[in-house]
Amino acid sequence: MAQLTQAIALGLLIGGVYALMASGLTLIFGVMHIINVAQGAFLVLMAMVTWWLWHETGIDPILASVITTPLMFAFGWVAYRLLISRVRGSSPSMSILLTFGFAMVIEGVLNVTAGNKFKSATPSYFEESFRVGSISLPKAQVFGFLAAMGILGVLFFVLTRTWTGRAIRAATQNPSGAALVGVGASGTAALAFAIGSATTGVGGSILSVLYPFFPASHYDWISRLLGIVVLGGMGSLPGALIGAGILGLAETLTATYGSLSWSTLVFYIVIMVVLLVRPQGLFGARLREDVT
């Protein structure tokens, strides 16, 4: 029983971090119907920046998110204005190709500037744990989870309690109606993309501590994030939370009772089973593509 409780606790900690990482991707899709394949590269880019800050200055990697988050907000805003806005309204394949190319550019720049080697930030508490009864909770995962929940809380507040959030949600649910009441589609889309990109600031900082990474590891991360978003339902933030929790639990339970190498496979099997029953995902809505 203690082993099961330990696995569930660790799965929820990991799932909370995954939820933050996936929230930006699902927000961008929900507002613009653009699949940002570069989201994984954004995470690795910020993990690399965080590692450099920690290595050069000694700043705590998770606290470095106060630098990386606004940096990625600005980066996302500029990226949308210069690149993404040019394919908005085009076929989904155009946005996928553009953002995939963007990811390749980021990977190439990181290969040249940082080298194609695994890196990981290891702060002083990296190998320490909290004890709660018979459960051992690694401090790095606890701190990462708390940071992720804090940012998700801020994101929830912005989306539900501010005019900016209402504008974003209006553009998501009814773009034509939002335009009629003065919600600018272009400005709202740029803001949503910037916010979605900003989540990779703190997400990348957490990643730098919890997982070894190198420039090409963004392929693994975008596959995980897309799996979470598809499972939960494209564009659904609650769905992303649930999907992330399922991935976290799948990883830890499989590692505990089987082999860690099978954990990702188990998660994708869960996705396949769910999509056979609900093709739109757990919280997604069916789309009518025969109506213009």
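Residues numbered from 1 in each chain as written. Predicted model: local features only at pLDDT ≥ 70, side-chain atom pairs only at ≥ 80, totals over all residues. Heavy atoms only, no water.

Colleague: Please clarify how the overall build of the protein should be interpreted in this entry.
Modeller: Per the secondary structure count, the protein includes eleven helices and two strands. On C-alpha atoms alone, the protein measures out to a radius of gyration of 19 Å, which is about the 19 Å that the 2.2 N^0.38 rule sets for 292 residues. Projected onto the principal axes, the alpha-carbon positions of the protein cover approximately 55 × 45 × 35 Å. The 292 residues of the protein split such that 48% are buried. Counting contacts in the protein only where the partners sit at least 6 residues apart, residues at least 24 apart contribute 79% of the total. A total of about 13,700 Å² of accessible surface is found on the protein, and carbon and sulfur atoms cover 69% of it. Mean positive and mean negative side-chain charge positions of the protein (14 and 9 charges, respectively) differ by 12 Å. (Helix = DSSP H or I, 4+ residues; strand = E, 2+ residues; numbered from the N terminus. Rg over C-alpha atoms; globule rule 2.2 N^0.38 Å. Buried < 20%, exposed > 50% of the residue type's maximum accessible area, 1.4 Å probe, protein only. Contact = heavy atoms within 4.5 Å. Areas by Shrake-Rupley, 256 points an atom, 1.4 Å probe, with all protein chains shown as cover. Lys, Arg positive; Asp, Glu negative; His and termini not counted. Charge placed at Lys NZ, Arg CZ, Asp CG, Glu CD.)

Colleague: Mind showing me how you'd approach the pattern of salt bridges here?
Modeller: Side chains bearing opposite charge may pair, as long as their charged atoms lie close to each other. Applying the stated criterion across every chain yields a total of three salt bridges. We note a salt bridge from Asp220 to Arg224, for which the minimum N-O separation is 3.3 Å. One end of the pair, Asp220, and the other, Arg224, are both in helix H9 (residues 218-232), four residues apart, so they sit about a helical turn from each other. Accessibility expressed as a relative area gives 35% for Asp220, which makes it partly exposed. (Salt bridge = Lys/Arg side-chain N within 4 Å of Asp/Glu carboxyl O.)

Colleague: What should I look at first to understand a nonpolar patch on the surface in this one?
Modeller: A contiguous nonpolar surface patch, about 530 Å² in accessible area, is contributed by Met1, Leu4, Ile8, Leu12 and Tyr257. Here the nonpolar patch takes three residues from helix H1 (residues 2-32), the largest share from any one element. (Patch = residues over 30% accessible without salt bridge, like charges linked within 9 Å, V, L, I, M, F, W, Y side chains within 5 Å.)

Colleague: In this structure, what is going on with the pairing of strand S1 (residues 129-132)? I would like to understand it.
Modeller: Within a regular strand, side chains alternate between the sheet's two faces. Where S1 lies against strand S2 (residues 135-138), four bridges are found, and the strand directions are antiparallel. What sits directly across from Arg131, in S2, is Ser136. Count of turn residues in the S1/S2 antiparallel hairpin: two residues, of which Gly133 carries a positive phi of about 65°. (Pairing = 2+ DSSP bridges.)

Colleague: It is not clear to me how helix H11 (residues 263-277) should be interpreted in this structure. Could you clarify?
Modeller: In an α-helix, one turn spans 3.6 residues, which is why side chains three or four residues apart end up on the same side. Under the 1.5 Å per step criterion, the end-to-end length of H11 is 22 Å for 15 residues, consistent within 8% with the ideal 21 Å. Every buried residue of H11 is accounted for by Ser263, Phe267, Ile271 and Val274. All buried residues of H11 fall inside an arc of 85° around its axis, so they share one side. Away from its buried face by more than 90 degrees, H11 exposes Met272 and Leu276. Buried residues along H11 sit in contact with H9 and helix H10 (237-257). (Expected span 1.5 Å × (residues − 1). Arc of directions from axis to C-beta.)

Colleague: Which parts of the structure should I look at to understand the nonpolar core?
Modeller: For soluble globular proteins, the rule of thumb is that nonpolar side chains tend to be buried together. In this structure, Tyr18, Met21, Met32, Phe193 and Trp221 are the most contacted members of the largest nonpolar core, which totals 67 residues. Residues contacting Trp221, with those up to four places away along its chain left out, are Tyr18, Met21, Gly40, Leu43, Val44, Leu207 and Tyr211. Grouped together as the second largest cluster of nonpolar side chains are six residues, Ala9, Leu13, Ile135 and Leu137 included. (Core = buried A, V, L, I, M, F, W, Y, C linked by side-chain atoms within 4.5 Å.)

Colleague: Quick question: what am I supposed to make of the UniProt feature "transmembrane region" (unreviewed entry) in the protein here?
Modeller: Under the present numbering, the feature "transmembrane region" (unreviewed entry) in UniProt falls on residues 7-28, 34-54, 61-80, 92-110, 140-159, 190-213, 225-247 and 259-277. Secondary structure across residues 34-54 divides into 76% helix and 0% strand, with the first and last C-alpha atoms of the span separated by 33 Å. Split by type, residues 259-277 is 79% helix and 0% strand. Its first and last C-alpha atoms lie 27 Å apart. (UniProt positions renumbered as here; feature names shortened; annotations may be inferred.)

Colleague: Looking at this structure, I do not really get the side chain of Thr68. What am I missing?
Modeller: When you line up the elements, Thr68 lands in helix H3 (residues 65-82). Once residues lying within four places of it in the same chain are set aside, the contact partners of Thr68 are Met46, Val49, Thr50, Gly201, Val202 and Ser205.

Colleague: When you look at the packing of aromatic side chains in this model, what are you seeing that I'm missing?
Modeller: Within a pair of aromatic rings, the relevant descriptors are the distance that separates the centres and the angle that separates the planes. Here the structure, examined in full by the defined rule, presents nine aromatic pairs. Judged by centre distance (5.7 Å) and plane angle (80°), the ring pair of Phe42 and Phe102 falls under edge-to-face. Placement of the pair is Phe42 in helix H2 (residues 39-57) and Phe102 in helix H4 (residues 92-114), with a sequence separation of 60 residues. Assessed through its relative accessible area of 0%, Phe42 is described here as buried. Aromatic pair Tyr211 and Trp221: ring centres 5.1 Å apart, planes at 75°, arrangement edge-to-face. Taken together, the positions of Tyr211 in the loop between helix H8 (185-210) and H9 and Trp221 in helix H9 put the pair ten residues apart, joining distant regions of the chain. Here the aromatic residues Tyr18, Tyr211 and Trp221 are joined through ring pairs into a cluster of three or more. The ring of Phe130 is capped by Lys139, whose NZ or CZ atom sits 5.2 Å from the centre of that ring. (Phe/Tyr/Trp six-rings, centres within 6.5 Å; stacked < 30°, edge-to-face > 60°. Lys NZ or Arg CZ within 6 Å of the ring centre and 35° of its normal.)

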